[in-house]
Amino acid sequence: SMKLRLQILVFSVTLLFSGNTFAQYIQVDDTYTATQLVQNIFSANGCAAVNNISVSGGNFGTAEQSFGYFDNGTSSFPFANGIILSTGKATSAIGPNSSIVSEGSTSWAGDSDLQNALGVSNTINATVLEFDFTPITNKISFDYIFSSEQYLSNPSPSQCGYTDGFAFLLKPAGSSTYQNLAVVPGTSIPVTVNNVRGSGTICPPANAAYFDSFNGTNHPTNFNGQTVIMKAEADVISGTTYHIKLVIADQGNNLYDSAIFLGGGSF
């Protein structure tokens, strides 16, 4: 009947619309193990032997993790897929940007190596991915995007002092001194909210060329802003074993979460 055909048409259009709406956002799977993340994403191109892989992060009591695998679905997010490390639940990074994500308890600790790299104190809610690798090349690099809820387009003055950050720490195995590769290009300035920010808010801009945008509601992620694609790179000695530590944390308090997106296959 005409009525039934009309109902089917409405149902089909509704399905099409809801499917498209859902697909505008990144997708996150937080069930990957540390080994799956590193072997599938980092060393898929076989330019290094990787072992001693570990990951640690939040304990939410609900089996959710602060790390995982992401893909861009059919969204405009610039990485097709990769690893997400977050200071909240990894799945909370899925868009739209319709709520402030402030997850993680005060009992979830920060990280002293990150504090040393960023020159800050009082970090909390750290997620850490680390492993040993032996390169067969003399240079390594990795593409990443730093995203944060602290990128507020209309902050209060008190919010300008908090500066979540990320470090991509590298050292020869057995050494005690890390080099941070997550820096503003051509400088030793670490990538943090306060060190990479665009103009247009009451918080001072910094290295604005490396800031992508403040986000409206309709964004592939649930973060208020992010950097452009950044590259961490270093010279290495082929055949020498190195230790890498990727770490992100909140700073000052456990509110306004941040995340790092590591481009799949870019290592």
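**Student:** Explain the layout of surface pockets here, please?
**Tutor:** To find leftover empty space, one rolls a probe the size of a water molecule over the atoms. The calculated volume of the largest pocket comes to roughly 220 Å³. Around the largest pocket, the lining is made up of 13 residues, and of these Asn180, Leu181, Val183, Val184 and Thr187 lie nearest the centre. Elements with a contribution of two residues or more to the lining of the largest pocket: strand S8 (179-180) and strand S11 (230-235). Residues that form the lining of the largest pocket fall into these classes: six nonpolar, five polar and two charged.

**Student:** Honestly, the packing of aromatic side chains in this entry has me stumped. Any pointers?
**Tutor:** Two descriptors summarise a pair of aromatic rings, namely the distance from one centre to the other and the angle between the planes of the rings. For the structure shown, the criterion picks out 14 aromatic pairs. Aromatic rings pair up to connect Phe70, Phe77, Phe79, Phe223 and Phe261 into one cluster. Sitting above the plane of the tyrosine 178 ring, lysine 171 keeps its charged end 4.5 Å from the centroid.

**Student:** What exactly am I supposed to notice about the pairing of strand S3 (residues 67-71) here?
**Tutor:** In summary, the side chains of a regular strand alternate between the two faces of the sheet. For S3, the tally of buried residues reaches four of five residues, placing the bulk of the element in the interior. Across three bridges, strand S1 (residues 27-29) lies against S3 in antiparallel orientation. Paired with glutamine 27 across the two strands is aspartate 71, which belongs to S3. Bridge analysis of S3 against strand S4 (residues 81-86) gives five bridges, and the strand direction is antiparallel. Within the sheet, the bridge partner assigned to phenylalanine 70 lies in S4 and is glycine 82.

**Student:** How should I be thinking about unusual backbone geometry in this particular structure?
**Tutor:** The phi angle of most residues is negative, glycine excepted, and most peptide bonds adopt the trans form. Omega for the peptide link from glycine 95 to proline 96 comes to 10 degrees, which places this bond in the cis form. Following the sequence through the fold, proline 96 ends up in the loop between S4 and helix H3 (112-118). The phi dihedral of asparagine 52 is positive, around 50 degrees, even though this residue is not glycine. With respect to the element layout, asparagine 52 can be found in strand S2 (residues 48-56). A positive phi angle, close to 45 degrees, is found at asparagine 207, a residue other than glycine.

Reading guide: rules and limits
Residues numbered from 1 in each chain as written. Predicted model: local features only at pLDDT ≥ 70, side-chain atom pairs only at ≥ 80, totals over all residues. Heavy atoms only, no water. 1 Å grid on protein atoms, 1.4 Å probe; cavity = no way out; pocket = protein on both sides within 12 Å on 5 of 7 lines; lining within 4 Å. Points joined across faces, edges and corners; volume = space filled by probe spheres on them. Helix = DSSP H or I, 4+ residues; strand = E, 2+ residues; numbered from the N terminus. Nonpolar A, V, L, I, M, F, W, Y, C, P; charged D, E, K, R; others polar. Phe/Tyr/Trp six-rings, centres within 6.5 Å; stacked < 30°, edge-to-face > 60°. Lys NZ or Arg CZ within 6 Å of the ring centre and 35° of its normal. Buried < 20%, exposed > 50% of the residue type's maximum accessible area, 1.4 Å probe, protein only. Pairing = 2+ DSSP bridges.

In short, shape yes, function no, at least from these values alone.
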